[in-house]
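Chain residues, written in single-letter form:
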Amino acid sequence: VVSLGMMTMVRSIPLVLACLSFFICLARADDDSTIEKRLIAFNETHREWLTFDQIELLMGARVNFMDITDSPEPLGPQAAPSPVPTQIAYRSLVQILITGVSQTRLNQIVTKLSEFPTRYYTSQTGVQAAQWIHDTFTQIGGRRPGVSVRYFQHTWQQPSVIARIQGQGPNANELVILGGHEDSVGTSSTARAPGADDDATGIATVLETFRILVESGFKPDRTIEFMAYAAEEGGLRGSQAIATRYAADKAVVRSTLQFDMTGYRKNVNAVGVVIDFTDAQLTTFLRTLTSAYSGLPTVNVTCSYACSDHASWQRNGFRAAYPFESAFNDKSPYIHSANDLPSTINWVHAAEFVKIAVGYAVELAGQAA
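This write-up is about the structure you can find in this document. What you are looking at is a predicted structure, and each value in this text was computed from that prediction instead of being measured. (Residues numbered from 1 in each chain as written. Predicted model: local features only at pLDDT ≥ 70, side-chain atom pairs only at ≥ 80, totals over all residues. Heavy atoms only, no water.)

We now examine the overall build of the protein chain. Along the protein chain, the regular secondary structure elements total 11 helices and 12 strands. Radius of gyration (C-alpha) of the protein chain: 19 Å, near the 21 Å computed for a compact globule of 369 residues. If you line up the protein chain on its principal axes, its C-alpha atoms span 65 × 45 × 40 Å. Across the 369 residues of the protein chain, 62% fall into the buried class. Counting only contacts in the protein chain whose residues sit at least 6 apart along the sequence, the fraction spanning at least 24 positions is 82%. Carbon and sulfur atoms form 52% of the exposed surface of the protein chain, whose accessible area is close to 14000 Å². With 29 positive and 35 negative side-chain charges, the protein chain shows a spacing of 6 Å between the two charge centroids. (Helix = DSSP H or I, 4+ residues; strand = E, 2+ residues; numbered from the N terminus. Rg over C-alpha atoms; globule rule 2.2 N^0.38 Å. Buried < 20%, exposed > 50% of the residue type's maximum accessible area, 1.4 Å probe, protein only. Contact = heavy atoms within 4.5 Å. Areas by Shrake-Rupley, 256 points an atom, 1.4 Å probe, with all protein chains shown as cover. Lys, Arg positive; Asp, Glu negative; His and termini not counted. Charge placed at Lys NZ, Arg CZ, Asp CG, Glu CD.)

Turning our attention to helix 5 (residues 103–114). Taking 1.5 Å per residue as the helical rise, helix 5 with its 12 residues ought to reach 16 Å, and the 16 Å between its terminal C-alpha atoms agrees with that figure. If you check which residues of helix 5 are buried, you get Leu106, Ile109, Val110, Leu113 and Ser114. Buried residues of helix 5, viewed axially, fall in a sector of 130°; they line one side. The opening residue of helix 5, the one whose side-chain oxygen lies 3.4 Å from the backbone nitrogen of threonine 104, is serine 102. (Expected span 1.5 Å × (residues − 1). Arc of directions from axis to C-beta. Polar contact = N/O pair within 3.5 Å; in protein donor to acceptor, adjacent residues only side chain to side chain.)

By the definition in use, this model includes 10 aromatic pairs. Between tyrosine 120 and tyrosine 121 the ring centres are 4.9 Å apart and the planes differ by 50°, which places this aromatic pair in the tilted class. For the pair tyrosine 120 and tyrosine 121, a shared accessibility class is recorded, and that class is buried. Arranged with centres 5.4 Å apart and planes meeting at 70°, the rings of tryptophan 313 and phenylalanine 318 form a pair that is edge-to-face. On the basis of relative accessible area, tryptophan 313 is assigned to the buried category, the value being 1%. Aromatic rings pair up to connect Tyr120, Tyr121 and Trp156 into one cluster. (Phe/Tyr/Trp six-rings, centres within 6.5 Å; stacked < 30°, edge-to-face > 60°.)

Here we have 3 strands laid out as an open sheet, ordered 2-1-3, and antiparallel in their pairing. The sheet is open, and its two edges are formed by strand 2 (47–51) and strand 3 (66–67), each paired on a single side. Relative to strand 2, strand 1 (residues 37–41) runs antiparallel, the two being bridged by 5 bridges. Counterpart to arginine 38 in the pairing with strand 2 is leucine 50. Most of the contacts of helix 3 (residues 52–60) go to strand 2, to which it runs at about 110°, and overall it touches strand 1 and strand 2. (Pairing = 2+ DSSP bridges. Axes fitted to C-alpha atoms, helices over the stretch in contact; angles between N-to-C directions.)

Another aspect to go through is the packing of helix 5 against helix 11 (residues 347–365). One way to put it is that helix 5 packs onto helix 11 with a least axis distance of 9 Å and a crossing angle of 100°. For the element pair helix 5 / helix 11, the angle class is roughly perpendicular. Judged by residue contacts, Gln103, Leu106, Asn107 and Val110 of helix 5 engage Trp347, Val348, Ala350, Ala351 and Val354 from helix 11. Looking at the contact of helix 5 with helix 11, its residues break down into 7 nonpolar, 2 polar and no charged. (Parallel < 35°, antiparallel > 145°, perpendicular 65-115°, else oblique. Nonpolar A, V, L, I, M, F, W, Y, C, P; charged D, E, K, R; others polar.)

Here the residue pair aspartate 198 and aspartate 199 is connected by a cis peptide bond, since its omega of 5° sits within 30 degrees of zero. For aspartate 199, the position within the fold is in helix 7 (residues 196–216). Phi at alanine 231 is positive, roughly 60°, even though this residue is not glycine. Residue placement: alanine 231 occurs in the loop between strand 7 (223–229) and helix 8 (237–248). Among the residues examined, alanine 231 registers a relative accessible area of 0% and is labelled buried. For methionine 261, which is not glycine, the phi torsion reads 75° and is therefore positive. Looking at the element boundaries, methionine 261 is found in the loop between strand 8 (252–258) and strand 9 (271–274). Using a relative accessible area of 0% as the deciding quantity, one classes methionine 261 as buried.

The following block contains the structure:
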């Protein structure tokens with residue numbers, strides 16, 4: 001998650017930038033014209049060219065932003081795919097599948113990812129984390145026909161990872177996508193960043209959903225893709241690159257669902273449903289899925305501009321929704337620090353998001369005849 005709050009700071013971006021620029025200027029005596037800058041968007045209309053050091057200070061201040069240097073204008077709207085369902089159609093099948101959700105497995109994945117000193121997208125350990133995710137997808141997929149795993153390479157070190165279960169029905173050309181971000185950040189780009197909740201829990205949700213569907217032999221009508229996005233903390237760069245490519249290629253995407261922080265529970269045992277910068281119809285069906293397969297209540301939450309990778313898809317004209325671990329005032333206080341550890345995760349709570357993910361994949365992809 002780039003940021004989930006700091007609304008007063010977001011409202012005063014010019015002041016924040018002025019303060020950040022002041023400190024950057026004090027820290028540098030060299031010619032600013034020689035320093036690489038990135039185009040950073042703070043909302044739909046406010047953009048600034050900033051150096052990497054200024055961007056890092058924004059991350060430390062937990063200001064929401066999107067790095068749009070490589071795609072300054074969105075490519076949407078996209079061709080209309082099949083409409084979003086309004087009713088549950090595969091209840092019996094999904095209820096069988098979600099009995100296979102393993103809290104132990106979630107713990108193992110989050111613990112492994114948290115052992116990397118940082119998964120920051122320009123770090124070697126961030127690359128190693130992506131490789132581990134790729135290898136884990138590959139191990140799960142085995143030699144099952146129609147299952148594939150690939151890297152999506154970027155202009156920085158850390159690749160994104162995409163696993164696929166090929167559709168086998170008449171709508172196989174349509175994509176149903178779910179993902180989380182593989183990178184992490186601490187108090188700086190080089191600081192210790194275990195990123196257990198942010199966002200090893202999201203990657204664990206995606207991997208566990210993939211495992212359940214592959215091991216069950218589920219044959220979808222539509223194609224399902226499982227994504228581990230690079231560089232979310234750097235301004236949603238990985239998901240933007242993918243969403244932009246899919247838009248340029250005229251991919252038919254029925255829906256996308258983001259899992260970013262799914263494991264911390266404080267006061268209220270509920271699923272936060274993000275209602276801004278998301279698709280209204282898909283969000284409504286997300287509530288239906290949550291009620292049908294997790295039984296947890298939902299609470300509406302707003303996370304503002306560019307708070308996670310769903311924003312990259314929505315910006316390019318694709319449907320996106322985002323279930324969050326709680327109401328935002330109950331979110332993990334440990335993110336972006338060395339204290340974002342597996343010991344802070346409630347595994348019972350995290351398992352509920354896998355149930356939602358399995359339900360989403362089956363209900364949106366459908367079952368091949």
